[in-house]
There are 2 protein chains.
Amino acid sequence: MGARGRAEGTGRMGTIGELGEFGLISRLVGRLPAGPAIALGPGDDAAVITAPDGRVTATTDLLVQGRHFRLDWSGPYEIGRKAAAQNLADVVAMGARPTALLVGLAVPPATEAAWAERLYDGLADECAETGAAIAGGDVVGAAEVVIAVTALGDLGGAPPLTRSGARPGDAVAVRGRLGHSSAGLDLFRAGADGPAELLDAHRRPRPPYTAGAEARAAGATALLDVSDGLLQDLGHIAAASGVRIEIDSAAVPVPALLGPDGLRHALTGGEDHAFAATFPAGAVPPAWTAVGRVAAGSGVVVDGRSYGPGGWDHFAS
Amino acid sequence: MGARGRAEGTGRMGTIGELGEFGLISRLVGRLPAGPAIALGPGDDAAVITAPDGRVTATTDLLVQGRHFRLDWSGPYEIGRKAAAQNLADVVAMGARPTALLVGLAVPPATEAAWAERLYDGLADECAETGAAIAGGDVVGAAEVVIAVTALGDLGGAPPLTRSGARPGDAVAVRGRLGHSSAGLDLFRAGADGPAELLDAHRRPRPPYTAGAEARAAGATALLDVSDGLLQDLGHIAAASGVRIEIDSAAVPVPALLGPDGLRHALTGGEDHAFAATFPAGAVPPAWTAVGRVAAGSGVVVDGRSYGPGGWDHFAS
C-alpha cells in the first residue's frame, strides 16, 4: 500500500485517510484487551458475547463533536472515557453487569491515527473498570467526529431495575457526584480558570459503577443514571411510576467547590452520571445520600415547589 | 412548549429542532412495532432483549450522509431499509437469527421530523423481514446525518459461522445479487438514466436472509456477507482460514442487466449484501451458485490470475 508506506517512511503514524479504513481498524483492534465475556472478538461479520442470563441489556448513545465534547477542551483519551462511561452507566442503571462495548467511530480522514488510538485507549480503560471489553465496531470517514457506543450487559438472573417501580413512602437517594460537570462547563465557557477538579469532571464523568449492585442488594424499587440533571431525570421516575417525587434541597450534596450556583448545578446539571434510586423507607444503603421521598401524585417538587420543564435538551439549548 | 405549539398551529409536523430530542423520540417510539425478543423496549436507561442461547451476536455499522447514501438519490425510507439491512446481514452471516436493532441517529436539527419518521419506518420494515425489532436508540443534533445501527442476534445453540473454517477441497458459493448496487451507482453518477432495478438496488440492498439457515443446514465451513465486493470479501475468508480461493469467472452470475462492465461489478462491487460461503464438496445448497473452490495456499485467484488489493475502502476512494 503506497499510502501506508509513505506514512511509515516519515516516521510518523499518519492520518486515518492515509492508513485507510482497514489499516486503522487493524491498529485499533491490536490494542484492545480481551474481556471475559467476549466469546468472539473483532474480525468477523459480528462479535459473539456471552449472555449467561438468557437476556442481554443493551443501550446506544451518540456523542457528537461540538455538542457532547469539544476537541479544544478534551483530549481523545478523555473523550473515549466519557463515551464509554455514559453507556456503561446506562447498563448499570438497569441493575446489570456490563459485558461488552461496540464502538462506531465517524471521523474526518485528515485526523491523525494516533488520535483514534488514544480514543480507543480511553474507551478500553473505562470498560476495564466494569469488567467489560470492546467487542467490535466500525470506522468510517465523516465531516465531524461522531462516536456511537453500544453497551451490553447481563442481569444475572434478576429482573431489570426500571424507572417504574417507585411507590409512595419510598426514600429517594443519590450516589455519585452531582453538578460537577455542569460547573466545569461554566468554567470552560468563562475561560477555563477554576478548580481543575471541575474542569476534569466536565471532560470525564466518574460514575460509581458499584451503584447498581448496591441498589439491587438494598431492594431498590427504581434506578436510573443522572444524565440530563437530577430533577429532570427524577421526573422520568415520577412519570413511569405514576408518583410524585419530593426533594429537600438542603439534603442534596453541594460541595463548596461548585461555587455560588452550586445548588442549581447539583439539581439541573447533567453528564456526571451519578445514580438516583428509590428505596423502601429505611433501606437507603450507607454509600447513598437520601435527598427526598416518594409521595402520591405526579411530578417533581423541590422544597414544596413544582419543578417545571427544563434541564438539558440537545436541540433546544 | 412554544416551538411545538407553533409547529402544530401551521398544520405541519415541524422540524426536529422544534420538536426537541424528547419530542422526536416520543414520536418515533410510538411508531415502533414490538418484537418477540424485546423483553423491555425503549423508554428506560437500556433495553432488555432475550438471548436464549446464552450468547448474543452483535455488530455495529455507521452510515454517513454523502458517503454511504446521498439525500438526493435516496429517500429516508430506503436509507432506513439499507441501514438495517447491512447490519442484519452481518448477524445472518454468523449463522444467527436477528433479534433486535439499536439505532443512533445524528441529524441536523432543521430536518423535518417526518423525514426521521420515514427513516424509522424503513428500519422497522427491514427488521420485520427477519423477525427482529427496534429495541432502543438515541437521537442527537449534528451537522450531517449519521446513522449508527447495532444489530443483535441469537445463535440458537450452534457455533458461529466464522470466516476461518474453509478447508482445501471445499466449494465456494454465493447467494443473492452481486454487482447490482455498484452498477446502479455508476448510473446515478452518469445521470441516473438506466434500469430502475439497478437504481433501486443501489438505494436498497435485498439480502436473502434465509442464507444463514441454509448455509448452516448444509454444513457450511465459512460464511460472510458481501459488503465490500466478492473478491475482497473472499480474501477475508482466505486470510482467516489460511487457504487459497479460486474463482471461475464464467460461473459468477452476471445478468445482462449489469451492462458491459457486469463482471467487474459482480466481482468487485459491494453493498448488495449477498452472502458467500464455503461448503464441503458436493454440499452446495440448491439456492446457492457454486463459483469456485478452496485450495491450499493463500489469496484469491480469478481464472488463474491473482486478485490484488482493491474493492471499496471508505477512505481511499
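Being a predicted model, the structure only gives us computed values, none of them experimental.

Criteria and thresholds
- Residues numbered from 1 in each chain as written.
- Chains lettered and ligands numbered in written order.
- Predicted model: local features only at pLDDT ≥ 70, side-chain atom pairs only at ≥ 80, totals over all residues.
- Heavy atoms only, no water.
- Helix = DSSP H or I, 4+ residues; strand = E, 2+ residues; numbered from the N terminus.
- Rg over C-alpha atoms; globule rule 2.2 N^0.38 Å.
- Buried < 20%, exposed > 50% of the residue type's maximum accessible area, 1.4 Å probe, protein only.
- Lys, Arg positive; Asp, Glu negative; His and termini not counted.
- Charge placed at Lys NZ, Arg CZ, Asp CG, Glu CD.
- pLDDT = per-residue confidence, 0-100.
- Contact = heavy atoms within 4.5 Å.
- UniProt positions renumbered as here; feature names shortened; annotations may be inferred.
- Pairing = 2+ DSSP bridges.
- Axes fitted to C-alpha atoms, helices over the stretch in contact; angles between N-to-C directions.
- Salt bridge = Lys/Arg side-chain N within 4 Å of Asp/Glu carboxyl O.
- Least-squares fit on C-alpha atoms with pLDDT ≥ 70 in both.
- Domains from an automatic or database assignment.
- Buried area = accessible area lost by both parts, 1.4 Å probe.
- Parallel < 35°, antiparallel > 145°, perpendicular 65-115°, else oblique.
- Expected span 1.5 Å × (residues − 1).
- Phe/Tyr/Trp six-rings, centres within 6.5 Å; stacked < 30°, edge-to-face > 60°.
- Lys NZ or Arg CZ within 6 Å of the ring centre and 35° of its normal.

### Topic: the overall build of chain A
Scanning chain A from N- to C-terminus turns up nine helices and 13 strands. Relative to the globule expectation of 20 Å for 317 residues, the C-alpha radius of gyration of chain A, 21 Å, shows essentially globular dimensions. Considered along the principal axes of its C-alpha atoms, chain A spans approximately 70 × 50 × 30 Å. Per-residue burial for chain A yields a buried fraction of 59% across its 317 residues. Taking the 25 positively charged and 35 negatively charged side chains of chain A as two groups, their mean positions are separated by 1 Å.

### Some details on the confidence of the model for chain A
Residues and elements named next belong to chain A. With 93% of its residues at a pLDDT of at least 70, chain A reaches an overall mean of 91. A low-confidence stretch, residues 1-10 stays under pLDDT 50, and its non-local contacts, those more than four residues away or across chains, total nine contacts. Below a pLDDT of 50 lies the segment residues 310-317, which in the model reaches 23 contacts outside its immediate sequence neighbourhood of four places, other chains included.

### Description of the UniProt feature "binding site: substrate" (unreviewed entry) in chain A
Under the present numbering, the feature "binding site: substrate" (unreviewed entry) in UniProt falls on H68, E271 and W312 of chain A. Relative to the assigned elements, H68 of chain A resides in the loop between β3 (55-64) and α3 (76-92).

### Here's the deal with the pairing of strand β2 (residues 47-50) of chain B
Summarising the sheet, β3 of chain A and β2 of chain B pair through four bridges and their orientation is antiparallel. Bridged to R55 of chain A within β2 of chain B is T50 of chain B. Looking at chain direction, strand β1 (residues 38-40) of chain B and β2 of chain B are connected through two bridges and run antiparallel. The residue of β2 of chain B that forms the bridge with L40 of chain B is V48 of chain B. Hairpin connection, β1 of chain B to β2 of chain B: the antiparallel pair is bridged by six residues, and G43 of chain B has positive phi, about 125°.

### Overview of the sheet that holds strand β1 (residues 38-40) of chain A
A sheet is described by the order of its strands in space; here six strands give the open sequence β1(A)-β2(A)-β3(B)-β6(B)-β4(B)-β5(B), paired in mixed fashion. In this open sheet, the two strands that pair with only one neighbour each are β1 of chain A together with β5 (133-141) of chain B. When strand polarity is set aside, the average angle formed by the axes of neighbouring strands in this sheet is 25°. The strands that helix α2 (residues 16-31) of chain B touches are β4 (97-107) and β5 of chain B; relative to β5 of chain B, the one it contacts most, it runs at about 170°.

### Details of the pattern of salt bridges
Throughout the structure, instances matching the rule amount to 40 salt bridges over all chains. When salt bridges that share partners are traced, they join R27, R31, E117, R118 and D121 of chain B into one network.

### Some details on the relation of the copies chain B and chain A
Relative to chain A, chain B is turned by 180° and slid 0.0 Å along the rotation axis, the superposed coordinates differing by an RMSD of 0.0 Å. Taken together, these values place the two copies in the relation of a two-fold axis. For chain B, the residue whose C-alpha comes nearest the rotation axis is G54 of chain B, separated from it by 2.4 Å. A high fraction, 100%, of the interface residues of chain B reappear at the interface in chain A, so the copies pair face to face through one surface.

### Notes on unusual backbone geometry
Residues and elements named next belong to chain B. Its identity is not glycine, yet E271 carries a phi of approximately 75°, on the positive side. Structurally, E271 can be placed in the loop between α9 (262-268) and β10 (274-279). Unusually for a residue other than glycine, D303 sits at a positive phi of about 50°. With respect to the element layout, D303 can be found in the loop between β12 (299-302) and β13 (305-306). According to the relative accessible area criterion, D303 is partly exposed, its value standing at 47%.

### Looking at the domain arrangement of chain A
All names here are of chain A. Looking at chain A, the domain boundaries give domain 1 (14-38 + 52-154) and domain 2 (171-306). Spacing between the C-alpha centres of domain 1 and domain 2 amounts to 26 Å. With 17 residues of domain 1 at the contact, the number on the domain 2 side is 17 residues. Both sides together, the interface formed by domain 1 and domain 2 hides about 1,600 Å², and carbon and sulfur atoms give 59% of it. Considering only the surface of domain 1 that becomes buried against domain 2, W73, K82 and V92 emerge as the three largest contributors, covering 36% of it. At the boundary of domain 1 and domain 2, one finds three salt bridges.

### Some thoughts on the packing of helix α5 (residues 180-190) of chain B against helix α6 (residues 196-203) of chain B
Residues and elements named next belong to chain B. α6 packs onto α5 with a crossing angle of 105° between their chain directions and a minimal axis gap of 7 Å. Between α5 and α6, the crossing angle belongs to the class labelled roughly perpendicular. Between α5 and α6, the contacting residues are H180, S181, A183, G184, L185, L187 and F188 on the first element and E197, L198, L199, A201, H202 and R203 on the second.

### Focus: helix α3 (residues 76-92) of chain B
Here α3 of chain B spans 24 Å end to end across 17 residues, near enough to the 24 Å set by a 1.5 Å rise per residue. Among the 17 residues in α3 of chain B, 16 count as buried, and that is most of the element.

### Let's talk about the packing of aromatic side chains
Residue and element names in this part refer to chain A. Applying the stated criterion across every chain, the model contains four aromatic pairs over all chains. Here the aromatic rings of W73 and F188 are separated by 4.7 Å at their centres, their planes lie at 15°, and the arrangement is stacked. One end of the pair, W73, is in the loop between β3 and α3; the other, F188, is in helix α5 (residues 180-190), with 115 residues separating them in the sequence. The same class applies to W73 and to F188, which are both buried. For the cation-ring pair, R70 lies above W73, with the distance from its terminal atom to the ring centre recorded as 4.0 Å.

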